[in-house]
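So you can see what is in the structure, the chains are spelled out below.
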Amino acid sequence: MPIDVVIAGAGPNGLMLACELALAGVRPIVLERLSGPSGEQRANGLVGQVVRMLDRRGLHERLSGTSAPPRPAPAFMFGAFSLDLAALPDNPVYLLMVPQRRIEEMLAERAAELGVEIRRGHAVTGLTQDSGVATVEVTGPEGPYRIEARFLVGADGGHSVVRKLAGIGFPGVTTDRRISRSAHVTMPAELIDPVGGGLVIPGYGTVPPFMHHRTERGLLTFAPFPSGPSMVSTTEFLPSGDDAAFEEPLTISELRDSVRRVLGVDLPIGPPEGPGPHMLRRLTGGNTRLADRFRAGRVLLVGDAAHVHSAMGGPGLNLGLQDAINLGWKLAAEVRGWAPPGLLDSYEAERRPAGQRVTMHTQAQGVLVGPGSEITALRELFGELLEDRHTVQRLADLIAGAGIRYDMGAVPADPAAASLTGRWAPDLLLHTETGTVRLAELTRDARPLLLDLTDGGTLADSVAPWRDRVDVVTARCEDPNVTALLLRPDCYVAWASAAPGPDGRQREELRSALTRWFGHPAGAGDEAVGQPSADARI
Ligand SMILES: Cc1cc2nc3c(=O)[nH]c(=O)nc-3n(C[C@H](O)[C@H](O)[C@H](O)COP(=O)(O)OP(=O)(O)OC[C@H]3O[C@@H](n4cnc5c(N)ncnc54)[C@H](O)[C@@H]3O)c2cc1C
């Protein structure tokens, strides 16, 4: 019997997909080339809607160490501009400062709790597929072997072997003019502003913390992490035609020289103190690429395997983890046999445009931080546009991935219902018979959910034929002004209604949305396709 799903890569996105599949009743096998942690330091945190999405799975608490719901950040950056977000009516930029290593550890723990098998030291090396199975060639500690799988997901990073084996193109651009240097450092305490936390550099001025700071010669970033050594990074740009060839690893002295070139003054940094691992990294060049398909037959791509771009502003995990959450329930539905036609293909239709938005804005930011006086002029103009609050809201939505609206078919006539349809559901406060809960507390099992907000819960019986795969919660909710919301497991609103009570049209619309996203109801003789929670009706 073929395995249902094999995932190549136990990075954050492969692990998240494994958790989502397991929640939906499909236990994948995860193959990871490395036998232990890579030691490579990548993300310092999560930015955007994914922070709230982790809350919807009960995973925010595991990373933040607190049960308090996430809160939006009062400020963030775009192309080395500081965005004042505190005044926005709807600030979607949530931050969770936690190293990628810890995110991966937490997701691996969660996957293990859910019964996922992770085979470390097993690399995917070959692939053939026909209409029935994907045959995956693997090299493990005991030598080569094969696995037959109904689906193979490439979560194996930017250099994805799976993408190449599946013949999926990866068009885009490679630039080799950019050199960034980052290191954990120490510096004299008197250089740090005790109030704002920025650097006060004699002969230069103040560099704010956790912000890209641009000069006409490059970028400097100062990140005084509360629990660990501070980090200083620079980015410089070589004139075209120059080759950046570095034989030796980065040193603190090379970083110091780079800071002097960018700022024009010395910054007395020294090597870090305390237990490591410490960062000392030089990166040259960069890629912006988007897979031309996210699916080829029985092979799908998520995360960096599907898109790579600059890490500026940290959009990578916001994008990749939400790819995984979008794909998980759809792939599980396909495997379990209840997926309506086209459900699995809606993964690419929904997530490739999301990837396109990120490659667009990271490239745009790359230009905005470039060297030279013409970029300074562009920045002056851009800065004027940012005086308009609506522009700031647009950028905040772009950074957070909160501007996404998926096509759910018919849009309701009522404005309140129309404004929610296709969008990620807000964290509603729901008053149920047993108490008041946040929506985030009802979505931990990753099951489709009808929120029946009608007086007396009159819609619940319409869902009865789907109860093996759709949960129902009856509740009261003052805001927004709607009477029903049907949520997909990724928390996007598949259908919303503002009709006040039992109404034939409302029921018909609901049945149509249930069929469109969750297939035909299980009839007599059909194999059970899922277990409803004991009594999801609160
Ligand atoms: C310097 C830097 C800083 C960054 N900072 C941020 C940030 O602050 N915030 C943010 O959100 N993002 C950041 N990113 C981006 C983020 O790190 C990536 O988007 C993320 O790692 C992608 O996860 P992934 O699971 O798709 O791929 P990866 O993390 O690359 O994981 C892929 C896994 O697949 C394994 N693998 C590869 N080939 C095979 C094979 N043939 N068989 C089996 N396994 C295989 C690899 O060993 C690896 O474990 C940063 C990236 C870099 C480089």
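Remember, it's a predicted structure, so these values are computed and weren't measured experimentally. (Residues numbered from 1 in each chain as written. Predicted model: local features only at pLDDT ≥ 70, side-chain atom pairs only at ≥ 80, totals over all residues. Heavy atoms only, no water.)

Tell me about the sheet that holds strand β24 (residues 471-474), and please be specific about residues and values.
The strand order across the open sheet built from four strands is β24-β23-β25-β26, with neighbouring strands paired in mixed fashion. In this open sheet, the two strands that pair with only one neighbour each are β24 and β26 (493-497). The mean angle between the axes of side-by-side strands here comes to 10 degrees, regardless of whether they run parallel or antiparallel. One ladder, built from four bridges, connects strand β25 (residues 484-487) with β26; its direction is antiparallel. By the bridge assignment for β26, Ala 484 is matched with Ser 497. This element, helix α12 (residues 504-518), spans β23 (449-452), β25 and β26 of the sheet and lies at about 180 degrees to β26. (Pairing = 2+ DSSP bridges. Helix = DSSP H or I, 4+ residues; strand = E, 2+ residues; numbered from the N terminus. Axes fitted to C-alpha atoms, helices over the stretch in contact; angles between N-to-C directions. Contact = heavy atoms within 4.5 Å.)

Quick one: what's the story with the nonpolar core, residue by residue and with numbers?
Formed by 99 residues in total, the largest nonpolar core has its most connected members in Leu 46 and Leu 486. Of the residues forming this core, the biggest block, eleven residues, is contributed by helix α7 (residues 316-336). Not counting the four nearest positions on each side in its chain, Leu 46 is found in contact with Val 51, Leu 54, Leu 63, Tyr 94, Leu 95, Leu 96, Ile 103, Leu 317 and Leu 321. In terms of nonpolar packing, the next biggest core, distinct from the first, is built from 19 residues, Leu 88, Met 211, Leu 395 and Ile 399 among them. (Core = buried A, V, L, I, M, F, W, Y, C linked by side-chain atoms within 4.5 Å. Buried < 20%, exposed > 50% of the residue type's maximum accessible area, 1.4 Å probe, protein only.)

Can you explain the confidence of the model for the protein? Please cite residues and give values.
Per-chain confidence: the protein averages 93 in pLDDT, with 96% of residues scoring 70 or above. For residues 524-538, every residue scores under 50 in pLDDT, and the model assigns this stretch 31 contacts once sequence neighbours within four places are set aside. (pLDDT = per-residue confidence, 0-100.)

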